[in-house]
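Chain and residue survey
Residue strings, one per chain:
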Amino acid sequence: STKLTVSPQSAKPQSLTVSLKSNHAVRSNERVFVQTDVKNSSGKALTYHWNVPAGVSVTGENSHTLIFSGPRVTRETDYTVSVFVSDGSNVSNSASTTVTVSPQPAKPQPPTVSLTSTHSVKSGEKVSINAKVTNPSGKALTYRWNVPTGLSVTGQNSDTLVVTGPTVSSNTSYDIALSVSDGTNSSNSASTKLTVSPQPAKPQPPTCLLYTSDAAD
């Protein structure tokens, strides 16, 4: 007689592959999702362990997706993040990626404007009110002068307002203001006080009186 021995098939080697996108980018105070691409031939439940640099705020440390919050930086900074994946047996693998954090762009600064605190002019004469303006954004500026009723002016859409002094009988003050905008809801303003004085009285010519005599000879 012949004895037949049947052996079981050898177990197929189990494999676990792990990969991460090589680079990620995020700005300070914003979030980026770092996702793991896993191929798991065993079908067993997997565990994840992320290795994150100190000082970085994250969530999802025990899942296949890590949510990385960009820390505050003053210049572009690279952080290395790695993940270790296991199927609970002796099969595991790991991968790493670089997260580049950039600082937030500087907030747009509004234009600055200043005016000399006081100006003066006589009735019927002209005075120029010049605004000193800086424009950090470099965008086109608009000018809006607030002028009291009764003043004759030119240059309302520029940095220089020309005012003609109205007729007054005594020194009279007027408040004038300027608002400057770069068109992006960033604006600033300044004001000045204009004093108008009357023209001095014109000198009167001398008078001459003539007398005649009708006395008889």
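Everything in this summary refers to the structure shown in the same document. (Residues numbered from 1 in each chain as written. Predicted model: local features only at pLDDT ≥ 70, side-chain atom pairs only at ≥ 80, totals over all residues. Heavy atoms only, no water.)

1. Overview of the sheet that holds strand β17 (residues 187-197)
To keep it simple, the criterion reads: In this description, strands pair whenever DSSP reports at least two bridges between them. Runs of E in the DSSP output that reach at least two residues are strands. Runs of H or I that reach at least four are helices, and both are numbered from the N terminus. Angles here are taken between N-to-C directions and fall from 0 to 180 degrees, while the axes themselves are lines fitted to C-alpha atoms, restricted in helices to the stretch in contact.
The strand order across the open sheet built from four strands is β10-β17-β16-β13, with neighbouring strands paired in mixed fashion. Unpaired on one side and paired on the other, β10 (118-122) and β13 (142-146) mark the two borders of the sheet. In this sheet, neighbouring strand axes are inclined to one another by 25° on average, regardless of whether the strands run parallel or antiparallel. Where β13 lies against strand β16 (residues 172-181), five bridges are found, and the strand directions are antiparallel. For Trp 145, the partnering residue across the bridge sits in β16 and is Leu 178.

2. Topic: unusual backbone geometry
Here is the rule: Note on classification: 1.4 Å probe, protein chains only; a residue is buried when its accessible area is under 20% of the maximum for its type, exposed when over 50%, partly exposed between these limits.
For Asn 29, which is not a glycine, the phi torsion comes out positive at approximately 70°. Looking at the secondary structure, you find Asn 29 in the loop between β2 (23-27) and β3 (31-40). The exposed category is assigned to Asn 29, whose relative accessible area is 66%.

3. Regarding the environment of Lys 3
By the element assignment, Lys 3 lies in the segment before β1 (16-20). For Lys 3, a relative accessible area of 77% puts it in the exposed group. Each C-alpha atom of the pair Lys 3 and Ala 25 lies 67 Å from the other, and the pair is 22 residues apart in sequence.

4. Quick notes on the nonpolar core
Test applied: Buried Ala, Val, Leu, Ile, Met, Phe, Trp, Tyr and Cys residues form a nonpolar core when they are joined through side-chain atoms within 4.5 Å. Residue contacts follow a heavy-atom distance rule, with two residues in contact if any of their heavy atoms lie within 4.5 Å.
One finds Val 34, Trp 50, Phe 68, Val 83, Val 99 and Val 101 to be the most contacted residues of the largest nonpolar core, which totals 21 residues. Elements represented by at least two residues in this core include exactly β1, β3, β4 (47-51), β6 (65-69), β7 (77-86) and β8 (92-102). Once you skip the residues sitting within four places of it in the chain, Trp 50 turns out to touch Leu 20, Val 34, Thr 36, Gly 60, Glu 61, Ser 63, His 64, Thr 65, Leu 66, Val 81, Ser 82 and Val 83.

5. Points about the pairing of β7
Sheet topology places β4 next to β7; five bridges connect them, and they run antiparallel. Bridge pairing in β7 links His 49 to Phe 84. Pairing of β7 with β8 involves 10 bridges; the strand directions are antiparallel. Paired with Phe 84 across the two strands is Ser 94, which belongs to β8. A loop of five residues connects β7 with β8, the two strands running antiparallel in sequence, and Gly 88 in this loop sits at a positive phi of about 90°.

6. Thoughts on the pattern of salt bridges
Opposite charge on two side chains lets them pair, provided their charged atoms get close. Note the cut-off: When a carboxyl oxygen of Asp or Glu is within 4 Å of a side-chain nitrogen of Lys or Arg, the pair counts as a salt bridge.
Enumeration over the complete set of coordinates arrives at two salt bridges. Here Lys 193 makes a salt bridge to Asp 175, at a shortest N to O gap of 2.8 Å. Of this pair, Lys 193 sits in strand β17 while Asp 175 sits in strand β16, and the two are 18 residues apart along the sequence. The exposure class of Lys 193 is partly exposed, given its relative accessible area of 34%. Residue classification places Asp 175 among the exposed residues on the basis of a relative accessible area of 52%.

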